[in-house]
Amino acid sequence: MKKEMLSLNSWIKEAVAWQQPLDEFLIDYNMRELECSQEDLLAKMQEMLDVMEKSVEHGLTGVRSHSGLTGGDAKKLAAAAGAEGFVNLLGEKALDAVIYATAVGECNAAMGRIVAAPTAGASGVLPGVFFALKKHCGLDAATLQRGMVVAGSIGMVINERASLAGAMGGCQAECGSAAAMAAGAAVSMLGGTPQQVGTAVAVVFKNVLGLVCDPVAGLVEVPCIKRNGACALQALLAAELALAGISSFINADEAIDAMKSVGDALPCALKETAGGGMAATPSAIEWAKKYFARK
């Protein structure tokens, strides 16, 4: 008998039927699947949060990548934000999410320790959103741990129904999936309903559908790091819309399935091969030639 595919819609319906918040439902689900206690599950989530926080801190020191292509932007943006006369177009929450996401991306490019969330190339989105909300919304450790369970569970559904890999589905499957995970978790952590979590996931994929994976010289640096910041914003936007009671005409499962269909249709040049997109621009090609000549 064929195993039924994971479904975020089904989980949402079950949580509603049992009158449970989605995080509570998913903690119970993961405890059964992993055969572990709630204490052990949440301790693992805290372990990952600790690594994420240290990655933010390391990135904010201004580290540079081994290639020399990227680094120092998170520190630069944080310094600018604290300077007199800085025009904060995004607002403090959103700006901090971008700063933290960029910091983790730069930590990754500098070979620092990160949590693949869900991949190394998309590792900044979740910490960007989580630690911005921790700072500005007063979220405690327990809330963040439960949010991590929600984020991870959304990632499981995406992985089964579509892909989390840029080589399979483009950057919509990497940074896009990270944004969907962060958006759903943000809604849950801020007291949203299970249905609103699903809305946030769907909205993200509608907004990033078709995002290609085009790393310059095949390195997870340009445009990857700035995309982490951009997708942290997409996550906050989707969460804001969902929490305001705005619904999505396309549900979460259908949005994920649509992402897969688009990823399958993308040409090989736009799926992590550095054969198209930004990687094929004159500046990128010239830099790549010099880089590989040095190597």
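Residues numbered from 1 in each chain as written. Predicted model: local features only at pLDDT ≥ 70, side-chain atom pairs only at ≥ 80, totals over all residues. Heavy atoms only, no water.

**Focus: the confidence of the model for the protein chain**
With 99% of its residues at a pLDDT of 70 or more, the protein chain shows a mean pLDDT of 97. Mean pLDDT across the elements of the protein chain ranges from a minimum in helix α13 (residues 282–294), with 97, to a maximum in helix α9 (residues 175–189), with 99. (pLDDT = per-residue confidence, 0-100. Helix = DSSP H or I, 4+ residues; strand = E, 2+ residues; numbered from the N terminus.)

**Side note on the environment of Lys54**
Turning to its location among the elements, Lys54 is positioned in helix α3 (residues 38–59). C-alpha of Lys54 to C-alpha of Gly112: the two residues are 58 residues apart in sequence and 9.7 Å apart in space.

**Notes on the layout of surface pockets**
Size it by volume and the largest pocket reaches roughly 550 Å³. If you go around the largest pocket, you meet 29 residues; those closest to its centre are Asn30, Val149, Gly152, Ser153 and Met156. Counting residues per element, the ones that place at least two in the lining of the largest pocket are α1 (8–17), α2 (22–34), α3 and α7 (141–161). Considering every element that reaches the lining of the largest pocket, the biggest residue donor is α7, with six residues. Of the residues belonging to the lining of the largest pocket, the class tally is 18 nonpolar, five polar and six charged. (1 Å grid on protein atoms, 1.4 Å probe; cavity = no way out; pocket = protein on both sides within 12 Å on 5 of 7 lines; lining within 4 Å. Points joined across faces, edges and corners; volume = space filled by probe spheres on them. Nonpolar A, V, L, I, M, F, W, Y, C, P; charged D, E, K, R; others polar.)

**A word on the environment of Met168**
For Met168, the location among the structural elements is in helix α8 (residues 166–169). For Met168, a relative accessible area of 51% gives the class exposed. Along the backbone, Met168 and Cys268 are 100 residues apart, and their C-alpha atoms lie at a distance of 8.9 Å. Setting aside chain neighbours within four positions, we find Met168 in contact with Ser163, Gly263 and Lys271. (Buried < 20%, exposed > 50% of the residue type's maximum accessible area, 1.4 Å probe, protein only. Contact = heavy atoms within 4.5 Å.)

**What about a nonpolar patch on the surface?**
A cluster of nonpolar residues, Val87, Leu89 and Leu90, forms a patch on the protein surface that exposes about 350 Å² of accessible area. Mapped onto the fold, Val87 is located in the loop between α4 (73–81) and α5 (92–109). (Patch = residues over 30% accessible without salt bridge, like charges linked within 9 Å, V, L, I, M, F, W, Y side chains within 5 Å. Areas by Shrake-Rupley, 256 points an atom, 1.4 Å probe, with all protein chains shown as cover. Salt bridge = Lys/Arg side-chain N within 4 Å of Asp/Glu carboxyl O.)

**Some details on the side chain of Ser7**
Among the secondary structure elements, Ser7 is positioned in the segment before α1. A polar contact is formed between the side chain of Ser7 and the backbone nitrogen of Asn9, at a distance of 3.3 Å. Here the side chain of Ser7 touches Asp253 through a polar contact of 2.5 Å, side chain to side chain. Not counting residues up to four positions away in its chain, the partners in contact with Ser7 are Val157, Arg161 and Asp253. (Polar contact = N/O pair within 3.5 Å; in protein donor to acceptor, adjacent residues only side chain to side chain.)

**So, the pattern of salt bridges**
Under the criterion given, the structure shown has ten salt bridges. Measuring nitrogen to oxygen at the nearest pair gives 3.6 Å for the salt bridge that ties Lys226 to Asp73. Placement of Lys226 in helix α11 (residues 224–243) and of Asp73 in helix α4 is noted, with a sequence separation of 153 residues between them. Classification of Lys226 by relative accessible area gives exposed; the value is 60%. Accessibility expressed as a relative area gives 31% for Asp73, which makes it partly exposed.

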